[in-house]
2 protein chains.
Amino acid sequence: MHNHLETKNSHDTKENIFLAAAHLFAKRGYNGVSMREISEKSGVTKPTIYYYFGSKEGIYHELVDTGIQHVFSSFETILKDKMPAKDKLVVMTKKLFQFAVDYPEFAKFFMTLVTPFTDNAALVKFKKEAEKRGRILVTIIRTGIESGEFGASANPELAAKIIGGVWQHFIWQQLASQKKILTDELAQEIIEILFKGLNE
Amino acid sequence: MHNHLETKNSHDTKENIFLAAAHLFAKRGYNGVSMREISEKSGVTKPTIYYYFGSKEGIYHELVDTGIQHVFSSFETILKDKMPAKDKLVVMTKKLFQFAVDYPEFAKFFMTLVTPFTDNAALVKFKKEAEKRGRILVTIIRTGIESGEFGASANPELAAKIIGGVWQHFIWQQLASQKKILTDELAQEIIEILFKGLNE
DNA sequence: CAAAATTTACCTACCGTTCAGTATAAAATT
DNA sequence: AATTTTATACTGAACGGTAGGTAAATTTTG
């Protein structure tokens, strides 16, 4: 006798594996997670995982791709918007913070990609996208200098790196914490400090 | 026949294991490295490693402790020095950058500790020290505000977090790169940007 | 010689992966 | 319409290999 209350379909199964893997990779990194754990957490057997993803690296790869789409897609749009450079930085910061708050498990996994031990083949794409993000930042700041919004002595490359570093740092702080610390107000405040500096 | 040109002593053996482990952990993280690899790289057999360190976690633990001493010891001294707050920040930044340049393997390992997957018991101590470092930064900035060096509206806690984040980011950049990018001049420049801000 | 340092040989547990198969349902053939 | 074929979704059991770890024997050192 088969219980027809338990309806199964491929989408749910794949999605469950996907989420379980994201959760586990976020917690312990690629090598810290076994296929057995993923299978237990997602409620399917190991061969099912291979049926959908082909290999352990296969899951990881798909996770990276999804993350790239989710995080970076909005940045190019913001770049083209008509608003002061400083506001663009604030909006980007807010977007990024919102993502970390809304999808903590996924964001945590995603953040592990920027660590130094990145031999993984799946990360080539990610690194390229991260560089693109860096260039967008540089462009925004450079535009801000040209329009007189930022001081002429500002170094766009350095400033972009600093902003990227600050983003990364605060998102990690959020992911390590239980409370919500990444608010829109904080995003505003951070850009404000970087804009005005400490001496005024 | 034994070759007496190869003199061995216990200190060298332990040191070799230590350095090999630091190198490997830095490259691939705790779970990405096996005891077999450490033994091969250090030129001793596995049981010798167990003789000196007891377990895989044992090496890791000792690595963390040494790192903490090396990196954070100078900070308390700088805090007590008689110089402008801004100069203190510059000196601390230079010290940190110098460490990353001089001991890249070790620094790389050390940087892996700030990633989100930190279930490891060895990291409790590290986290405490990192918090202490944060408090030192806050104290310096607060002193700078009181003496009128920094603007009265500055938020010391937030500024300290930003500086910590920027440090972390640039050290990682260095460790991922072949060229020397962390110079004393860059340290100066970074603090300058944070001090003056982007708009002047 | 005794103590310290190091190796040989081996253990069990778990790793990622694959094989050979099964229940179900839709599609094609008769 | 009944039967056969094909495709999808999934599983239990097992593979070769490597993981961390250790008891016991051996070599080196003082």
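The paragraphs below set out a description of the structure included in this document. (Residues numbered from 1 in each chain as written. Chains lettered and ligands numbered in written order. Predicted model: local features only at pLDDT ≥ 70, side-chain atom pairs only at ≥ 80, totals over all residues. Heavy atoms only, no water.)

**Considering empty space enclosed by the protein**
Residue and element names in this part refer to chain A.
And then number 1: One pass over the full model with this rule turns up 1 cavity of 30 Å³ or more.
And then number 2: Its volume calculated, the largest cavity comes out at about 40 Å³.
And then number 3: In terms of lining, the largest cavity is formed by F72, F75, E76, E129, K132, R133 and I136.
And then number 4: Among the elements of the structure, α4 (56-80) and α7 (123-146) are those that each provide at least two residues to the lining of the largest cavity.
And then number 5: Per-element accounting of the lining of the largest cavity gives the leading share, 4 residues, to α7. (1 Å grid on protein atoms, 1.4 Å probe; cavity = no way out; pocket = protein on both sides within 12 Å on 5 of 7 lines; lining within 4 Å. Points joined across faces, edges and corners; volume = space filled by probe spheres on them. Helix = DSSP H or I, 4+ residues; strand = E, 2+ residues; numbered from the N terminus.)

**Considering the nonpolar core**
And then number 1: Ranked by internal contacts, the top residues of the largest apolar core, which has 125 residues, are I38 and I162 of chain A together with I38 and I162 of chain B.
And then number 2: Those residues in contact with I162 of chain A, other than ones at most four positions away along the chain, are L194 of chain A together with V166, F170, I190, I193 and L194 of chain B. (Core = buried A, V, L, I, M, F, W, Y, C linked by side-chain atoms within 4.5 Å. Buried < 20%, exposed > 50% of the residue type's maximum accessible area, 1.4 Å probe, protein only. Contact = heavy atoms within 4.5 Å.)

**Remarks on helix α2 (residues 35-42) of chain A**
And then number 1: Where α2 of chain A is concerned, the buried positions are M35, I38, S39 and S42 of chain A. Here the buried residues of α2 of chain A occupy an arc of 100° about the axis, which is enough to place them on one side. (Arc of directions from axis to C-beta.)

**Here's the deal with the packing of helix α8 (residues 156-176) of chain A against helix α9 (residues 184-196) of chain A**
Residue and element names in this part refer to chain A.
And then number 1: Put simply, α8 and α9 touch, their axes get as near as 12 Å, and they point 150° apart. It follows that α8 is roughly antiparallel to α9 by the angle criterion. Helix-helix and strand crossings are classified by hand; for α8 and α9 the assignment is right-handed. On α9, the residues that touch I162, I163, V166 and F170 of α8 are L186, I190 and L194.
And then number 2: Within the contact of α8 with α9, the residues separate by chemical class into 7 nonpolar, no polar and no charged. (Axes fitted to C-alpha atoms, helices over the stretch in contact; angles between N-to-C directions. Parallel < 35°, antiparallel > 145°, perpendicular 65-115°, else oblique. Left-handed = near helix turned anticlockwise from the far one by under 90°. Nonpolar A, V, L, I, M, F, W, Y, C, P; charged D, E, K, R; others polar.)

**Topic: the protein's contact with DNA strand D**
And then number 1: Contacts to DNA strand D come from 21 residues, most closely from P47, T48 and Y52 of chain A together with M35 and K46 of chain B.
And then number 2: Backbone atoms, meaning sugar plus phosphate, form 59% of the atoms of DNA strand D positioned within 4 Å of the protein.
And then number 3: Contacts to DNA strand D include V33 of chain B, whose backbone N or O atom sits 3.3 Å from a phosphate oxygen.
And then number 4: One of the side-chain nitrogen or oxygen atoms of Y50 of chain B is found 2.9 Å away from a phosphate oxygen of DNA strand D.
And then number 5: Among the elements that line the surface near DNA strand D, the one with the most residues is helix α3 (residues 46-53) of chain A, at 5 residues.
And then number 6: For the surface near DNA strand D, the per-class residue count stands at 8 nonpolar, 7 polar and 6 charged. (Near = heavy atom within 4 Å. Polar contact = N/O pair within 3.5 Å; in protein donor to acceptor, adjacent residues only side chain to side chain.)

**Observations regarding the packing of aromatic side chains**
Residues and elements named next belong to chain B.
And then number 1: For the structure shown, the criterion picks out 16 aromatic pairs over all chains.
And then number 2: An angle of 15° between the planes, with centres 6.3 Å apart, marks the rings of F18 and F53 as stacked. Here F53 lies in helix α3 (residues 46-53) and F18 lies in helix α1 (residues 10-28), a separation of 35 residues in the sequence. In this structure, F18 and F53 share a single accessibility class: buried. (Phe/Tyr/Trp six-rings, centres within 6.5 Å; stacked < 30°, edge-to-face > 60°.)

**Some remarks on the protein's contact with DNA strand C**
And then number 1: Taken together, 19 residues sit near DNA strand C, with M35 and Y50 of chain A together with T45, Y51 and Y52 of chain B positioned nearest.
And then number 2: Restricting attention to atoms of DNA strand C within 4 Å of the protein, one finds that 61% of them are sugar or phosphate atoms.
And then number 3: One nitrogen or oxygen atom from the side chain of T48 of chain B is found 2.9 Å from a phosphate oxygen belonging to DNA strand C.
And then number 4: In this structure, a phosphate oxygen belonging to DNA strand C sits 2.4 Å away from a side-chain N or O atom of Y51 of chain B.
And then number 5: If you list the elements that add at least two residues to the surface near DNA strand C, you get α2 and α3 of chain A together with α1 and α3 of chain B.
And then number 6: Class assignment for the residues of the surface near DNA strand C results in 8 nonpolar, 8 polar and 3 charged.

**What about the environment of R133 of chain A?**
Residue and element names in this part refer to chain A.
And then number 1: Looking at the secondary structure, you find R133 in helix α7.
And then number 2: Residues R133 and E76, spaced 57 residues apart in sequence, show a C-alpha to C-alpha distance of 8.5 Å.
And then number 3: Not counting chain neighbours up to four residues away, the residues in contact with R133 comprise F72, F75, G164 and W167.

**Some words on the environment of T139 of chain B**
Residue and element names in this part refer to chain B.
And then number 1: Among the structural elements, T139 can be located in helix α7 (residues 123-146).
And then number 2: Judged by its relative accessible area of 35%, T139 falls in the partly exposed class.
And then number 3: Along the primary structure T139 and P156 are separated by 17 residues, whereas in three dimensions their C-alpha atoms are 7.9 Å apart.

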